[in-house]
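Descriptive analysis of the structure
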Amino acid sequence: VEASVPEEQREAWKKHSAKEFKTKDQFEADVVRHIETTLARSLFNCDEAAAYAGTALALRDRLIIEWNRTQQQQTFADPKRVYYLSLEFLMGRALDNAILNVGMKDVAKQGLEELGFRMEDVISQERDAALGNGGLGRLAACFLDSLATLNYPAWGYALRYRYGIFRQEIVDGYQVEVPDYWLDFNPWEFPRHDVTVDVQFYGGVRKYTDDSGKQLSVWENGEIVTAVAYDAPIPGYGTRTTNNLRLWSSKASHGEFDFTKFNSGEYEASVADQQRAETISAVLYPNDSLDRGKELRLKQQYFWCAASLFDIVRRFKKSKKAWKEFANQVAIQLNDTHPTLAIPELMRILLDQESLEWDEAWSITQATFGYTNHTVMPEALEKWSVPLVQHLLPRHLQIIYNINFHFLQYVERNFPKEREMLSRVSIIEESEPKRVRMAFLAVIGSHKVNGVAELHSDLVRTTIFKDFVKIYGPDKFTNVTNGITPRRWLHQANPRLSALIASKLGGHDFLRDLNLLHKVEAYVDDEEFRKEFRAIKYANKVRLAKYTKEVEGITVNPSSLFDIQVKRIHEYKRQQLNIFGVIHRYLELKAMTPEARQKVQPRVSFFGGKAAPGYWMAKMVIHLINQVGKVVNADPDIGDLLKVVFLSDYNVSKAEIITPASDISEHISTAGTEASGTSNMKFVLNGGLIIGTCDGANIEITREVGEDNIFLFGNLAEDVEDLRHAHFYGDSFHLDPSLQRVFDTIRSGTFGDAGPFSGLVDSIVDHGDYYLVSDDFKSYVETQGLIDEAYKDQEAWLTRTITAVSRMGFFSSDRCIDEYAEMIWNVEPLPPPKMNGA
Ligand code: TH1
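Being a predicted model, the structure only gives us computed values, none of them experimental. The residue numbers shown here count from 1 along each chain, following its written sequence. Only residues with pLDDT of 70 or above have their local features reported here, since the model is predicted, and side-chain atom pairs are shown and tallied only from 80 upward, although totals for entire chains, interfaces and linings are computed over all residues.

**Section: the overall build of the chain**
How we decide: In this text, helices come from DSSP runs of H or I with a minimum length of four residues, and strands from runs of E with a minimum of two, each type numbered from the N-terminal end. Note that the radius of gyration is over C-alpha atoms, with the globule rule given as 2.2 Å times the number of residues to the power 0.38. Counting other C-beta atoms within 10 Å of a residue's C-beta gives its exposure: the residue is buried at 20 or more, exposed at 12 or fewer, and partly exposed in between, where C-beta atoms are placed from the backbone.
When its secondary structure is counted, the chain shows 34 helices and 24 strands. Relative to the 2.2 N^0.38 estimate, which gives 28 Å for 838 residues, the radius of gyration of the chain is 28 Å and therefore close to what a compact globule would have. C-alpha atoms of the chain, sized along the principal axes, occupy 95 × 75 × 60 Å. Expressed as a percentage of the 838 residues in the chain, the buried residues total 48%.

**Quick word on the site of the ligand**
As a reminder of what qualifies: Using a C-beta atom placed from the backbone for every residue, we mark a residue as near a molecule or strand if that atom lies within 6 Å of it. Each residue receives one of three labels: charged for Asp, Glu, Lys and Arg, nonpolar for Ala, Val, Leu, Ile, Met, Phe, Trp, Tyr, Cys and Pro, and polar for the others, Gly being one of them. Note that the domain bounds reflect an automated or database-derived domain assignment.
Looking at the ligand, there are 20 residues lining it, with Gly135, Leu136, His374, Ala675 and Ser676 nearest. Its residues assigned to classes, the shell around the ligand shows five nonpolar, 12 polar and three charged. Two domains each provide a minimum of three residues to the shell around the ligand, namely domain 2 (80-93 + 128-481) and domain 3 (557-793).

**What to know about the UniProt feature "modified residue: N6-(pyridoxal phosphate)lysine" (unreviewed entry) in the chain**
The criterion, for reference: UniProt positions are given in the numbering used here, feature names are shortened, and annotations may be inferred rather than shown by experiment. Contact between two residues is assigned when their C-beta atoms, built from the backbone, lie within 7 Å.
Those places that UniProt annotates as "modified residue: N6-(pyridoxal phosphate)lysine" (unreviewed entry) correspond, in this numbering, to Lys682. In this structure, Lys682 sits in helix α27 (residues 679-685). Setting aside its immediate chain neighbours within four residues, Lys682 contacts Ile484, Trp489 and Thr659.

**Re the sheet that holds strand β20 (residues 603-608)**
For clarity, the threshold we go by: Here, any two strands with at least 2 DSSP bridges between them count as paired.
The six strands lie next to each other as β21-β20-β19-β22-β23-β24, forming an open sheet whose pairing is parallel. Edge positions in the open sheet fall to β21 (642-647) and β24 (711-712), since each of these has one partner strand only. Pairing between strand β19 (residues 561-566) and β20: six bridges, direction parallel. Directly across from Gln565, in β20, lies its bridge partner Phe607.

**What about helix α30 (residues 737-747)?**
What counts, and what does not: The arc in question is the one traced by the directions running from the helix axis out to the C-beta atoms.
All of the buried residues along α30 are Leu739, Val742, Phe743 and Ile746. Considered in projection along α30, the buried side chains sweep an arc of 95° and stay on one side of the axis. Of the exposed residues in α30, those oriented more than 90 degrees away from the buried face are Pro737 and Asp744. Turning to α30, the residues buried within the fold contact α23 (575-591), α31 (758-765) and α32 (773-792). A positive phi of about 90° marks Gly749, the residue just after α30.

**Topic: the domain arrangement of the chain**
According to the domain assignment, the chain consists of domain 1 (9-77 + 95-126), domain 2 (80-93 + 128-481) and domain 3 (557-793). On a C-alpha basis, the centroid separation for the pair domain 1 and domain 2 is 35 Å. Contact with domain 1, which involves 22 residues of that partner, is made by 15 residues of domain 2. When contributions to the side of domain 1 that touches domain 2 are tallied by element, the ones reaching two or more residues are α3 (48-77) and α4 (95-101). Considering only residue class, the side of domain 1 that touches domain 2 consists of 11 nonpolar, six polar and five charged.

**With respect to unusual backbone geometry**
Put simply, Glu432 and Pro433 share a cis peptide bond, and its omega is -5°. With respect to the helices and strands, the residue Pro433 is situated in the loop between β15 (428-429) and β16 (435-437). Backbone geometry places Asn221, a non-glycine residue, at a positive phi of 65°. With respect to the helices and strands, the residue Asn221 is situated in the loop between β9 (215-220) and β10 (223-235).

**Structural notes on the pairing of strand β1 (residues 81-85)**
Of all five residues in β1, five are buried, a share of seventy percent or more. The alternating pattern of β1 places Arg81, Tyr83 and Leu85 on one face and Val82 and Tyr84 on the opposite face, and all of these are buried. In this structure, β1 lies alongside strand β12 (residues 330-335), joined through five bridges in parallel fashion. When the sheet's bridge partners are listed, Tyr83 is paired in β12 with Ile332. Across four bridges, β1 lies against strand β4 (residues 154-159) in parallel orientation.

**Quick notes on the packing of helix α25 (residues 616-633) against α31**
Basically, it comes down to this: Here, axes are lines fitted to C-alpha atoms. For helices the fit covers the stretch in contact, and angles between N-to-C directions go from 0 to 180 degrees. Roughly parallel here means an angle under 35 degrees, roughly antiparallel means over 145, roughly perpendicular means 65 to 115, and every remaining angle is called oblique.
Look at α25 against α31: their axes get within 9 Å of each other, and the N-to-C directions meet at 115°. Classified by the interaxial angle, the pair formed by α25 and α31 is roughly perpendicular. Judged by residue contacts, Trp616, Met617, Met620, Val621 and Leu624 of α25 engage Gly759, Leu760 and Ser763 from α31. Tallied by class, residues from the contact of α25 with α31 come to six nonpolar, two polar and no charged.

As structure tokens, then:
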């Protein structure tokens with residue numbers, strides 16, 4: 001029940017309603033007030049942590065006002081809303097972003113200075129909100145930024161994990177995982193203890209006949225877990241629109257603990273129940289692009305889908321519109337298959353609770369959902385065991401079987417001559433045990449399916465969903481190439497470059513319309529512009545060098561070529577190709593005369609990224625990188641010619657330091673495996689060039705920046721199948737001699753005990769080299785050679801980087817969001833709210 005203040009008393013409210021601060025003085029007053037009263041500290045015991053807390057709380061006050069207004073506005077206007085369901089949102093830090101988005105950077109900087117603090121130090125007190133693994137989660141975060149910036153009425157829905165992605169420590173060259181308990185102090189979330197949803201698990205299904213004689217089903221006698229909403233404001237850049245990210249936290253449905261159990265002496269049992277409930281939202285699964293099929297993961301997925309759907313339906317029902325209007329009011333985007341249970345859940349609500357007929361419920365459901373596929377790799381495609389779904393969600397399994405029944409009937413009718421197709425496209429895989437193919441369910445239950453880069457969307461249409469293109473026609477399948485938010489990945493990460501561009505373009509409009517960057521190309525020959533551009537890159541490299549010294553204890557020379565590969569460690573991403581290339585380089589350097597070494601381009605190879613805790617090969621790649629670093633960095637023959645750095649605990653806030661500092665970054669996945677990649681876009685936007693394969697968004701980056709401004713190498717996706725086949729069935733396995741030498745060196749113990757590395761080498765030599773490292777090694781090394789040569793001509797290099805930056809407009813996540821809005825969601829922006837006295 002909602003209460004509102006009577007008309008006559010509203011004047012007092014309006015008079016005292018909080019105003020947004022605009023001046024430095026008001027900002028300082030708010031910071032000091034929060035430090036003194038909210039935190040109970042004073043100028044005599046205010047450290048940087050307290051300064052951060054005070055600043056965050058002051059900024060938060062201001063965000064809340066705009067957030068409340070936005071939500072009020074959306075409630076009144078009741079437009080069609082977008083709901084972005086993602087199990088991951090890799091948000092990073094919020095304070096810096098909030099300051100920039102509300103346009104308070106100068107005020108905050110000066111204000112903090114007057115209070116005795118440096119803005120950078122205060123900002124770096126914040127812990128990352130790391131509720132994601134990698135690109136998929138960061139994409140969701142960029143999308144939220146763009147949705148708010150473009151004034152779309154949109155909500156994100158996720159889980160409030162108590163532990164985000166683990167922190168990575170490197171001990172003796174090995175990865176060690178440390179839990180990321182991040183909620184100690186989180187000023188950005190608002191618990192909504194009054195917004196709860198009871199979610200059911202287990203139990204059974206009972207059929208009954210209602211008063212009108214209709215046959216219905218009810219799911220009952222299950223266990224109930226309560227979802228509590230926690231909301232976080234998402235401010236748009238240069239607009240008052242502040243959207244909502246709603247995170248669900250799980251708790252026992254009977255509150256603290258069960259009093260009946262407690263009173264009957266079962267104290268431990270009652271606490272155990274409570275802990276079991278809280279376990280659901282306890283931890284983010286740390287696997288990137290890998291399906292492990294764990295029961296708790298399925299529980300997380302359903303818990304989150306059920307709570308979100310209930311919330312969305314509750315909001316829709318307030319408008320008193322008819323059900324046939326649902327899909328005109330609601331667009332739900334499924335970020336990969338993780339939220340696919342939302343499809344049978346909406347069906348269950350419409351059938352069992354709202355008593356709609358199957359056909360009507362189904363057409364509403366299909367019109368509501370869109371599904372984004374992020375990978376075609378088989379090991380990442382989710383398949384849940386039928387007995388597990390039966391046990392946990394008996395009613396959903398019935399509905400899934402029914403969806404499948406209707407679908408297969410349709411296929412049979414329309415393709416009577418292709419009976420083999422039925423088992424291929426069935427939602428149920430006839431394995432032992434049977435499994436639910438979540439990607440098929442997502443395709444069947446959505447009106448649009450998109451891939452995340454052109455090559456990837458082509459592969460989606462021609463490989464994993466080939467039959468479905470035939471069944472539904474090609475229009476159901478589309479492409480929306482990924483993008484990144486230029487607010488965080490240019491303005492925030494590289495303020496000096498943003499300022500330089502603004503100085504030439506007459507302001508920061510390009511941050512809202514990144515295509516304006518094309519005007520930068522006019523300055524490619526402008527000496528003053530070039531000088532500043534070069535100085536900025538150098539300063540960013542100095543910053544990373546300083547960080548590397550402070551945190552990793554390794555001295556690097558910022559005049560070297562900075563070569564960076566930072567991303568999750570995965571065999572398909574081929575960090576092993578990179579480190580083998582580094583070893584090759586080391587061996588070449590060792591074999592040179594001192595005179596020959598004089599001509600060599602010095603280089604620093606930076607690596608960074610986490611391995612899933614159970615992924616042995618990935619962990620050995622990390623170990624090899626660290627071991628090679630130990631040897632190379634200490635070798636007096638080598639000096640500054642080659643350094644190898646593993647940057648530990650790669651995350652969003654570190655990416656903001658690392659990305660602007662590259663000369664070259666590596667995006668070298670086996671062709672056809674990396675759906676898009678998004679850091680490739682970030683590096684080029686920040687004035688670095690790419691070495692990459694013809695994979696994912698690299699291909700479109702090449703189209704935009706031109707072939708001269710990127711270094712491509714390696715085999716093409718269309719040849720991968722044949723090459724793999726040849727490894728298994730070809731005569732003898734032929735290794736390039738230089739790669740053979742690398743393997744011999746590893747095996748000889750040059751980088752310490754070779755035992756741990758045998759798996760890495762054997763996977764190539766003995767087990768078919770699935771990721772085609774040996775096939776691409778030669779062209780990789782040659783291309784690195786071309787890069788060394790090209791880098792020596794610093795003027796030509798600079799021209800390439802400036803040109804590339806100016807052509808990156810296409811890769812703004814704003815462009816993506818507009819494409820989704822038009823092609824998939826059919827939603828319009830809503831003008832931002834007006835403020836009191838504004
Ligand atoms: C990534 C893709 O690997 C990457 O190429 C793409 O740029 C990114 O998504 C955004 O579209 C994926 N991350 C995951 C994570 C899980 C499962 C599948 C994928 S695909 C847990």
